[in-house]
Each structure stands twice: as structure tokens, then as C-alpha cells.
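# Summary of structural features
Listed below are the residues making up each chain.
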Amino acid sequence: MPSLSAPDSGRLALATLEALSTHVCVVDSEGRIVAANRAWREFARENCSRPELIAPGNLYEEVLAAIAGEPRSNVETFLLALRDVLAGRRQSAAVEHRRTNAIAPFHLRMRAQPIQVEGERLALVSHEDLSGIDEATRALSHSRVEFDALVDGVDGIIWEADARTTQFTFVSARAETLLGYPREAWYTPGFWQAHIYDADREAALAYCAASTARLENHAFEYRSVARDGRLVWIRDIVTVVARDGRPDILRGVMFDITAVRNAEQALRESEALFRATFEQAAAGVCLADADGRLLRVNPRLAAFLRYPESELRGKSYLDLTLPGDVEAHRTLVERLQRGEIATFRIEARLLRGDGSPVPVSLSVSTIERPGESEARFIAVIEDISERVAAIESLRRFRAALDTSADAILLVDRASMQIIDANETASAMTAWTKERITASGIHQLLFNVDKSLLERRFDEILESGDRGVMQAHVRHADGRAIPGELRLSALQGERPLIVVSLHDTSDKLAAEESHRERERLFTALFENNNAIKLILDPVTGRIIDANPAAVDFYGWSRDRLLRMSIHDINPAPVAEVRAAMEAAKSRRESRFEFRHRLASGELRDVEIYGSPVALAGKRLLFSIIHDITERKRAEKEAARQRDLLEGQNAVLQLIARDVPLGQTLEAIVETVERQSPGAIASVLLLDPDGVTLRHGAAPNLPEEFNRLVDGQTIGPVAGSCGTAAWRRELVIVEDLQSDPLWAAYRGLAAPFGLAACWSNPILSNSGSVLGTFAVYYREPRHPSADELHLIEASTSLARIAIERRGVTSALRQAEEHLRRLFAASPLPIFELDLDGHFRMWNAAAERVFGWTEQDALDAPKRVVDASNLEMFAELRERVLRGEPITGAKVKRRRKDGTEISMSLHVAPLLDGDGKVTGLIAVTDVAGEPSAR
């Protein structure tokens with residue numbers, strides 16, 4: 001593609017501006033008009049009360065004042081902003097102005113942006129006419145505004161921070177879209193510093209700190225890292241607020257100047273400016289040589305012609321023209337080539353890449369190149385498919401005229417006469433069709449100014465938009481019928497206006513009924529103790545809040561109505577929007593969130609939301625219940641339930657007589673579940689009474705447990721050694737400062753332990769069994785619940801340790817008894833209540849000759865039949881719990897010899913004191929005798 005020199009590019013830019021429909025002029029540093037495009041000149045000529053002011057060299061301020069009409073406040077605001085732009089105090093300005101009290105009212109969006117031309121600062125001023133535009137025109141205007149914003153810089157972030165820490169105390173919602181981080185993240189300490197680009201951080205922080213210390217308002221630029229990794233240039237304008245001679249608060253605005261930075265070279269060189277305008281134009285733009293071949297096309301043109309850009313370049317305009325239009329186009333282009341005309345604008349049809357025609361508005365202008373005989377052409381091409389389709393649709397209006405339920409009138413704009421009407425119009429007014437068509441439209445309406453109606457018709461014809469008016473229709477009997485007039489244009493050789501009259505009597509009655517329901521709703525809304533909010537489900541803005549909501553949240557009603565639900569609900573924005581969408585669509589109606597009060601407190605709330613229509617808008621009606629206490633109670637109940645389940649599990653381990661270490665670990669894990677962040681430990685006191693041994697601490701580092709094992713107790717021996725020494729709870733909130741840990745700080749610090757609370761484990765007799773301790777990795781003091789948890793866990797540990805002692809003693813006693821039973825020289829045996837032997841010692845086997853197995857298998861063989869009655873008597877006495885001493889009995893040996901003996905019997909009791917058997921010891925009275 002051939003390159004363009006700066007002068008050529010400047011002419012290209014001017015030609016492009018000349019072809020635009022937006023009013024554009026250039027103002028110098030003194031506010032005088034340097035240049036203006038065709039649209040501006042025509043607009044000013046038609047609306048200015050002093051046409052002689054339009055010429056270049058006159059003050060823009062005087063021209064605008066002559067155009068503005070009343071009210072003037074917005075115009076004065078814009079002129080002040082324009083002076084700031086020209087003086088370099090701001091990068092752009094945008095103000096909307098409506099002229100409502102003139103014969104030709106209009107609505108303008110006025111913008112100003114700085115440009116540099118040969119080192120002089122000028123301002124590019126544009127007026128965008130917003131009067132009567134339809135949704136498509138608004139979308140096009142919006143895209144142009146976005147393009148201007150890309151050049152001028154976007155809206156900034158308003159912020160406030162503590163001057164000492166630079167921690168944000170407020171950031172505006174724009175923060176989320178500028179860098180991509182949620183607003184909550186901006187309040188994190190150090191957020192701003194951490195997200196300054198590494199190469200800029202030191203200088204930016206030093207400059208800000210130095211200026212703040214001097215109480216100087218300042219502005220500086222740096223790069224920030226966006227959430228998606230982009231580098232965003234920020235211009236930060238800071239105001240320092242002092243208190244008592246010291247910086248107290250910083251307030252400022254951050255502007256995204258990335259586009260400005262990136263466009264600086266483009267602003268210095270007209271080629272870059274032309275390229276940006278060309279490539280980003282909302283309309284199709286192309287550059288052609290003298291033969292009509294396309295040298296350059298912008299993306300918009302390629303998009304709606306459905307060609308790749310590379311394929312369009314090199315094509316002749318004739319390749320894109322419908323065969324029937326070729327000659328007409330050729331004639332116009334040849335006139336351009338001969339210099340007979342400098343520009344032309346027509347409506348035509350072009351061929352898309354798929355062969356389909358597309359209607360367009362085509363504006364072609366000549367670009368002169370000094371020193372060259374052949375000119376170039378620039379064309380601005382707008383897709384008017386929607387407008388043509390609307391016109392075609394309206395041309396088919398006649399076929400459906402008499403089937404409409406509304407009264408339809410066709411009005412000749414030139415004469416304002418009704419030239420056609422459907423049957424519904426006659427039925428609505430009781431006028432004959434002949435009388436209607438013999439009347440002017442203003443004669444059919446009550447109290448409508450004819451000149452005002454004419455201007456409204458002209459606006460619709462010019463814009464192609466549709467309009468709506470409220471008016472009363474005159475009935476034949478003189479009654480006024482409330483109606484709604486829908487107006488649309490029917491373009492052609494004879495401009496016509498289609499007027500659709502809709503009888504709104506029923507609608508007005510329904511609206512009054514609806515207003516009555518709204519009044520009832522308002523009464524119920526205001527006079528109710530329940531907390532109620534009305535929200536915009538799209539933006540989250542609080543539309544209304546009842547007195548109960550004001551009392552609950554702590555903000556005034558005026559403040560609440562300036563807030564968004566996102567200011568109250570700290571949950572992620574996407575989550576809150578999803579909930580509002582679910583309520584809006586009735587998929588869900590109940591939600592639980594946490595809401596922030598004016599005091600900063602967060603409260604748990606239960607929300608019931610449903611859609612409601614108020615004042616013609618679809619909103620969300622929310623009833624809020626404070627469930628903070630209920631949630632706390634539920635949480636506490638769950639904690640107590642978990643604690644009880646943990647304690648029951650530990651008691652089951654104790655009952656099953658599992659190893660002590662396993663039981664103590666279960667106690668430790670129960671405590672750690674109940675108190676997040678806690679690391680529990682059990683130490684056991686040696687029989688020497690001074691040495692602590694590791695018992696259980698599964699989540700403390702093994703090296704720490706090894707170092708603690710073997711520590712001795714004493715008055716200054718850390719938390720556990722001191723607790724065992726004092727025999728009372730010892731709370732050390734900070735290991736690094738408490739004197740009890742003076743000798744042990746080096747022991748805890750490498751493992752990140754910062755606090756330790758230790759309770760002695762005391763037996764029922766008051767002796768020290770060990771200690772139960774809880775460590776934390778940050779200094780802290782125990783709460784009442786945590787103290788209760790420590791006491792309960794200490795009691796469980798005591799039960800487990802004492803049970804181990806009792807079990808050990810019992811097993812030792814059983815072992816001693818077993819050995820005594822086996823080693824006794826006297827026969828000893830044990831029987832159940834049915835007389836069956838359960839034990840039979842070696843002495844009994846030696847004396848009686850019967851083995852233990854003989855006695856267990858056939859007890860009656862070793863009992864004389866003559867002694868059965870005596871044994872029955874002895875059994876009854878034993879069952880009564882009576883011990884028997886020295887009962888004389890005879891027993892037979894296995895070899896048949898008989899032996900006399902003294903029998904000593906004692907009952908065996910279970911845990912409930914019930915007799916379960918007996919044990920007997922015998923003394924042999926003499927040598928066995930032969931039978």
C-alpha cells in the first residue's frame with residue numbers, strides 16, 4: 001500500500017471529517033473557530049440567531065451562545081470545560097444540552113478533546129445531534145463515543161486512602177473495570193503498591209511519599225498490572241488533606257491514560273490520526289485511486305460487504321456496483337475526476353461477497369495531492385439496510401390499513417391534510433371518511449399546536465425514526481377521547497406521515513388501577529417492621545428502602561438510595577448478580593448472604609426476593625430477615641454436637657481399653673477440630689514426679705516433640721512445666737515476651753509457635769498425671785469457649801490415664817493371683833454356681849490325683865456322693881454371701897483312697913455385688929487311708 005506524507009494524511013483526515021454527519025469544528029487556544037466541517041456549518045446556519053458569527057476567526061463561545069437558547073447552564077458548563085481542555089487542565093470534556101423553549105428544539109452531546117498541530121494546542125469540538133434518534137442511531141453514536149473515549153482517555157477511579165499507610169478506604173466502582181480486580185481486593189493492605197509495575201514502583205512510591213510529607217497536592221504517572229496481565233498507564237491526581245499540620249487523608253482520581261500514551265505519536269503525526277480514524281470508524285471507509293480501484297478499506301466496510309479486507313483491496317468500485325447502477329456511478333466518478341464536483345452523496349446498492357445486494361448511503365470526496373495531476377477519492381459508506389427495510393415495510397402499510405384495530409391516518413406533510421383513513425378511524429370518531437380526509441390533522445386533535453406538530457413530523461421524516469405523542473382525539477359529539485399517536489415516516493416523492501391513533505381510555509383506567517395498587521404497595525412497604533429493599537436487578541442499585549431498613553443498616557434513606565446492593569453485600573459481584581437473576585426469573589426466592597452495616601459489622605441475613613413492576617419498571621422486591629443470632633446458635637449447636645461426638649468416641653476407646661497413646665491422640669484431634677488453628681499436646685509425668693514425657697501431639701513437628709520429651713517441671717519451665725509445678729492452668733499469650741518461656745524461646749521459634757495454654761492433668765487424689773496444652777501460631781488469649789474445651793479435654797485425658805493405671809494394676813493383681821494359685825501348696829479350685837470347676841491348681845492335682853482337665857470335664861467324679869448334701873448346704877450359704885471357714889469334708893482321690901480335709905470357701909462377686917461363683921482352699925487333715 002502506498003505511504004502517505006503528513007500533509008496528505010492531514011487532507012485525508014479533513015476529507016473524512018467533511019464526509020461525516022457529526023458537527024465538528026476546530027478551536028484555537030483563544031477559543032476562536034479555525035475550521036468547521038459541512039455538518040457544523042449547516043447546523044449553525046439553521047440554528048444560529050446571528051449567522052455572521054459562523055465564519056472562521058469568530059469566537060466559538062459566541063456562536064454556541066447564539067445557538068443554545070434556554071436553559072444556558074449546560075452550555076456554560078461546557079464552555080468552562082473547553083477552556084480547561086485548551087489550557088491543558090483536563091484531557092476531554094463532554095456535556096449534553098437540550099434546547100426546549102425554541103421553535104426548533106434539539107438535543108446535543110457536546111465534546112471537546114485536545115489536538116496538537118505544529119506545536120499549538122487546539123481543541124477538536126464535536127456536536128452529536130441526539131434528537132429523535134432510534135435505537136440503531138443510539139448504538140452507532142455510542143460506538144463513536146467509545147472511540148472518542150479510547151483517544152481521550154476513560155473515566156477515572158475516585159479513591160481515598162489513609163495518608164500514613166496508603167491503604168484505600170474507598171474506591172469507586174470503576175476500579176473493577178479499569179484493572180479487573182474486585183473492589184474488595186483494593187482494600188487489602190499493600191494492594192496499590194503490589195500492583196504497580198516493578199520498573200515504576202520505587203520512583204512512584206518515593207514521589208508520592210515525598211509530596212505527601214510536604215503536604216503538596218501532586219500528580220504522577222506510572223504503570224499498573226491489570227488482573228489479566230496487561231500494563232495500564234495510570235495518571236494519579238492526588239489531593240493531600242492535613243490534620244494538625246500532618247498528612248491525614250489522601251484523595252484522588254486515577255485515569256487510564258494508556259490510550260493517550262499509545263496515541264501520542266498518532267496525535268503528533270496526522271498519518272497515525274488518519275489511520276486510527278479510518279480503521280475504527282463505525283461506518284465503512286475506503287480509499288480509491290484515480291481509476292476507482294480500492295487502495296485501502298477499513299474493517300467495518302469489509303464486514304458488511306462480507307469480503308476479507310485483502311480481497312477488497314485492488315477491486316474497482318464497478319466490481320461492487322449492481323449492473324443497473326454502473327452507468328450512473330461512472331458518470332458521477334468521472335465528474336469527480338474532471339473536477340466538476342468535489343463530493344457527491346447518493347443512496348445506492350452494492351454487491352456483497354456472497355452476491356447479495358446491500359443498500360448503502362455513499363459519500364465520496366476528492367483528495368487533492370499537490371504536484372500530482374491525478375486525485376484520489378475517499379468514500380464513507382453506511383449500511384442502510386434497516387432503514388430501507390422499514391421503508392419497504394411501510395409501503396406495504398396500505399394492504400393492512402383496514403384490518404388494524406387502531407385508527408390509521410395518512411397525512412401529507414406539505415399540506416398537513418389527511419389524505420386517507422381506515423374504517424377504525426371513522427368508528428372511533430363517528431366522522432365519515434370523507435369528512436376526515438377533508439380535514440387537517442390538527443383539526444382532529446384537541447389543543448395541539450399546528451407548528452409544533454409540523455416540527456415533530458419533520459424530525460421523523462429527517463431521522464426515519466418513529467415517534468409517540470399523547471393527544472386527545474375529537475369525537476363527532478364534541479367529546480375528547482384520550483389517545484396515543486404513533487408516528488412514522490413514509491419516504492417517497494411525496495413525504496407522508498403515518499399516524500396510528502390508539503384509544504387509551506381502557507389503558508388509562510388500568511393505569512389508574514395500577515397506580516392505586518402501587519399506592520397500596522407503598523403503604524405496606526413503608527409501614528412495616530420487616531426490612532425491605534427495592535432493587536434494580538440489572539445494576540443492583542437500591543431504588544427504595546423502608547424505615548426498618550434504614551434502622552437496620554444504619555445509613556440514612558438518602559444515602560441508601562445512592563448505594564448499590566454491592567455496597568452492602570460483600571459477596572462476589574457475579575454471585576450477587578446470579579441471585580438477582582434467579583429471583584427475577586422466579587427460579588429461586590430465598591437466599592442467604594452476609595450484609596455490611598454502616599458500622600462495618602457483618603450480619604447474616606435471609607432474603608426473600610421476587611420481581612415486582614413499579615412505575616413501569618421491572619424491579620426486585622426483597623424482604624430481609626436478620627438471622628445472625630440463629631446462625632450463631634446453629635454454629636454453636638454444631639460445635640457442641642461435634643465436641644460431644646468426639647468425647648463419646650474417646651470414651652468408647654477408653655471402654656475398649658485401646659492403647660493410651662491412641663486414646664490421647666483422639667482427644668487431641670477432637671480439640672483441634674473444635675478450635676481451628678489449635679495444635680494440641682499431652683505430656684505425661686514420669687513416676688519420678690519431675691520429668692515430662694511425650695504422650696500425644698500428632699500435629700506438632702516430630703523434632704519439637706523430641707526436644708520437649710524429658711523436660712523437667714518447675715516454677716519457670718514454659719507453659720507445661722509451670723502448669724505441672726503450680727498445679728493450675730497457665731496461659732502464655734506470647735511465647736516471645738512471657739518470662740515463663742525465657743529459657744525455651746529458641747525451642748519454639750523455629751517451629752512458628754507463638755502462644756501456649758497448658759492445664760495440669762490431676763488425678764482424683766490430686767496428684768499430677770501430666771499436662772494438656774494447646775499451641776497457636778499467633779499470639780492470642782483464650783475465649784471462654786476455648787477454656788471450657790481445655791477443661792473438658794483435660795478431664796477426658798485424666799480418665800484415660802487413670803483407666804490405664806487401674807487396668808495395669810488389675811492386670812498385675814491378676815498376674816499375682818495366677819502365680820499364687822499355681823504355686824500354692826494347698827489345693828485351690830474355683831466353681832460356678834452349678835458346681836462345675838473353672839480352675840484346678842497343681843496342688844489339687846497332686847493331692848487328689850485328678851488332672852485339671854479331669855476336673856473340668858467331669859466334676860462329679862471328684863466329689864463323693866456322701867458329700868453332695870453338704871455341698872448343697874455350703875452352696876446356699878455362699879449364695880447368701882457368707883464365707884465358710886474350716887468345714888470338715890472327705891474327698892476321694894482318683895486311686896480310690898479317701899482323704900479328710902478342712903474346706904475354706906469364699907463367694908466370687910461381679911461388679912454389681914452379685915455372686916457368680918465360689919473359690920475354695922483345702923487343708924489336708926492326714927494321710928490318705930485305704931478304703
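Residues numbered from 1 in each chain as written. Predicted model: local features only at pLDDT ≥ 70, side-chain atom pairs only at ≥ 80, totals over all residues. Heavy atoms only, no water.

### Considerations on the overall build of the protein chain
A count of helices and strands for the protein chain gives 33 helices and 36 strands. Looking at the 931 residues of the protein chain, the share that counts as buried comes to 44%. Across the protein chain, the fraction of contacts at a sequence separation of at least 24, relative to all contacts at a separation of at least 6, is 47%. Accessible surface, the protein chain: about 47,400 Å² in total, of which carbon and sulfur atoms supply 52%. (Helix = DSSP H or I, 4+ residues; strand = E, 2+ residues; numbered from the N terminus. Buried < 20%, exposed > 50% of the residue type's maximum accessible area, 1.4 Å probe, protein only. Contact = heavy atoms within 4.5 Å. Areas by Shrake-Rupley, 256 points an atom, 1.4 Å probe, with all protein chains shown as cover.)

### Let's talk about the nonpolar core
By size, the foremost hydrophobic cluster in this structure holds 29 residues, and its most contacted members are Trp40, Tyr60, Leu64, Ile67, Phe78, Leu82 and Val125. When residues in this core are grouped by element, the largest group, 7 residues, is from helix 4 (residues 73-86). Each residue touching tryptophan 40, except ones within four places of it in the same chain, is listed here: His23, Val24, Cys25, Ile33, Tyr60, Val63, Ile67 and His127. (Core = buried A, V, L, I, M, F, W, Y, C linked by side-chain atoms within 4.5 Å.)

### Remarks on the environment of asparagine 546
One can find asparagine 546 in the loop between strand 23 (542-545) and helix 21 (547-553). In this structure, the C-alpha to C-alpha distance between asparagine 546 and leucine 533, residues 13 residues apart in sequence, is 6.7 Å. At 2.7 Å, the side chain of asparagine 546 and the backbone oxygen of alanine 530 are in polar contact. (Polar contact = N/O pair within 3.5 Å; in protein donor to acceptor, adjacent residues only side chain to side chain.)

### Quick word on the side chain of aspartate 28
For aspartate 28, the location among the structural elements is in the loop between strand 1 (23-27) and strand 2 (33-36). In this structure, aspartate 28 is buried with no salt-bridge partner, the nearest side chain bearing the opposite charge being arginine 32 at 5.6 Å. Aside from chain neighbours lying at most four places away, what touches aspartate 28 is Val34, Leu86, Glu120 and Leu122. (Lys, Arg positive; Asp, Glu negative; His and termini not counted. Salt bridge = Lys/Arg side-chain N within 4 Å of Asp/Glu carboxyl O.)

### Structural notes on helix 9 (residues 198-213)
Counted at 1.5 Å a residue, the expected span for helix 9 with its 16 residues is 22 Å, and the 23 Å between its end C-alpha atoms agrees. Taken residue by residue, helix 9 has Asp200, Ala204, Cys208, Ser211 and Thr212 as its buried positions. One side of helix 9 holds all its buried residues, which, seen down the axis, span an arc of 95°. Facing away from the buried surface of helix 9 by more than 90 degrees, the exposed residues are Glu202, Ala203 and Ala213. On its buried face, helix 9 is in contact with helix 8 (191-194), strand 8 (218-225), strand 9 (231-243) and strand 10 (246-256). (Expected span 1.5 Å × (residues − 1). Arc of directions from axis to C-beta.)

### Thoughts on the pattern of salt bridges
If charged atoms from side chains of opposite charge come close, those side chains can pair. Tallied over the full model, the rule gives 43 salt bridges. Its salt-bridge partner being arginine 330, residue glutamate 327 comes within 3.7 Å of it at the nearest N-O pair. On the criterion of helical spacing, the pair formed by glutamate 327 and arginine 330 is a turn pair, its members being 3 residues apart in helix 14 (residues 326-338). With a relative accessible area of 51%, glutamate 327 lands in the exposed category. As a salt-bridge pair, aspartate 458 and arginine 413 come within 2.5 Å of each other at their nearest N and O atoms.

### Topic: the sheet that holds strand 4 (residues 106-117)
Across the sheet, 5 strands lie side by side as 2-1-5-4-3; this open sheet has antiparallel pairing. For this open sheet the edge positions go to strand 2 and strand 3 (93-99), each flanked by a neighbour on one side alone. Averaged over all adjacent pairs, the angle separating strand axes in this sheet is 25°, with direction ignored. Bridge count for strand 1 against strand 5 (residues 120-129) is 5 bridges, and the pairing is antiparallel. Across the sheet, histidine 23 pairs through a bridge with histidine 127, a residue of strand 5. (Pairing = 2+ DSSP bridges. Axes fitted to C-alpha atoms, helices over the stretch in contact; angles between N-to-C directions.)

### What about the sheet that holds strand 21 (residues 496-503)?
Taken together, 6 strands build an open sheet; the order of strands is 17-16-21-20-19-18 and the sheet is antiparallel. The open sheet terminates on both sides in strands that have one partner only, identified here as strand 17 (417-421) and strand 18 (445-446). Pairing geometry for strand 20 (residues 480-490) and strand 21, over 8 bridges, is antiparallel. Within strand 21, the residue paired with leucine 490 across the bridge is leucine 496. Sheet contacts for helix 19 (residues 450-463): strand 16 (407-412), strand 18, strand 19 (467-474), strand 20 and strand 21; angle to strand 20, the most-contacted strand, approximately 35°.

### Digging into the confidence of the model for the protein chain
Confidence in the prediction for the protein chain averages 81 pLDDT; 84% of positions are at 70 or higher. Confidence drops under a pLDDT of 50 for residues 139-154, and excluding neighbours within four residues, the segment shows 33 contacts in the predicted structure. Low confidence marks residues 926-931, where pLDDT is under 50. Its contacts with residues over four positions away, or in another chain, come to 10 contacts. (pLDDT = per-residue confidence, 0-100.)

### What about the packing of aromatic side chains?
Scanning the model with the defined rule gives 15 aromatic pairs in all. Pairing phenylalanine 704 with tyrosine 775 gives two aromatic rings, centres 5.6 Å apart and planes at 85°, and the pair type is edge-to-face. With a gap of 71 residues between them, phenylalanine 704 in helix 27 (residues 702-708) and tyrosine 775 in strand 31 (residues 768-776) connect regions that are remote in the sequence. Accessibility classification places phenylalanine 704 together with tyrosine 775 in one group, the buried group. Three or more aromatic residues joined by ring pairs form one cluster here, namely Trp159, Phe168, Tyr181, Trp186 and Phe191. The ring of tryptophan 431 carries arginine 435 above its face, with NZ or CZ at 4.1 Å from the centroid. (Phe/Tyr/Trp six-rings, centres within 6.5 Å; stacked < 30°, edge-to-face > 60°. Lys NZ or Arg CZ within 6 Å of the ring centre and 35° of its normal.)

### Notes on the pairing of strand 31
For strand 31, the buried fraction is high: 9 of the 9 residues fall into the buried class. Note that strand 27 (residues 679-685) and strand 31 share 6 bridges and pair antiparallel. Of the residues in strand 31, the one forming a bridge with serine 681 is alanine 773. As paired elements, strand 30 (residues 755-762) and strand 31 share 8 bridges and run antiparallel to each other.

### Observations regarding the side chain of threonine 794
Position of threonine 794 relative to the elements: it lies in helix 30 (residues 784-823). Those residues within four positions of threonine 794 in sequence are excluded, and the remaining contacts are Asn759, Pro760, Ile761 and Phe772.

### Structural notes on the pairing of strand 15 (residues 376-383)
Most of strand 15 is tucked away, with 6 of its 8 residues classed as buried. Of the pairings in the sheet, the one linking strand 11 (residues 284-288) to strand 15 comprises 5 bridges and is antiparallel in character. By the bridge assignment for strand 15, alanine 288 is matched with phenylalanine 377. Across 8 bridges, the pairing between strand 14 (residues 357-367) and strand 15 is antiparallel.

### A closer look at empty space enclosed by the protein
Overall, the coordinates contain 8 cavities of 30 Å³ or more when judged by the stated rule. Estimates place the volume of the largest cavity at around 300 Å³. Along the walls of the largest cavity sit 21 residues, with Cys286, Tyr317, Leu362, Val364 and Ala379 positioned nearest its centre. For the lining of the largest cavity, the elements supplying multiple residues, two or more each, are strand 11, helix 12 (299-305), helix 14, strand 13 (343-351), strand 14 and strand 15. Of all the elements, strand 15 adds the most residues to the lining of the largest cavity, at 4 residues. Considering only residue class, the lining of the largest cavity consists of 18 nonpolar, 3 polar and no charged. Lining the second largest cavity are 16 residues, with Leu535, Ile565, Met580, Ile607 and Ser622 sitting closest to its centre. Only strand 22 (531-535), helix 24 (573-584), strand 24 (590-596), strand 25 (602-614) and strand 26 (617-626) provide two or more residues apiece to the lining of the second largest cavity. (1 Å grid on protein atoms, 1.4 Å probe; cavity = no way out; pocket = protein on both sides within 12 Å on 5 of 7 lines; lining within 4 Å. Points joined across faces, edges and corners; volume = space filled by probe spheres on them. Nonpolar A, V, L, I, M, F, W, Y, C, P; charged D, E, K, R; others polar.)

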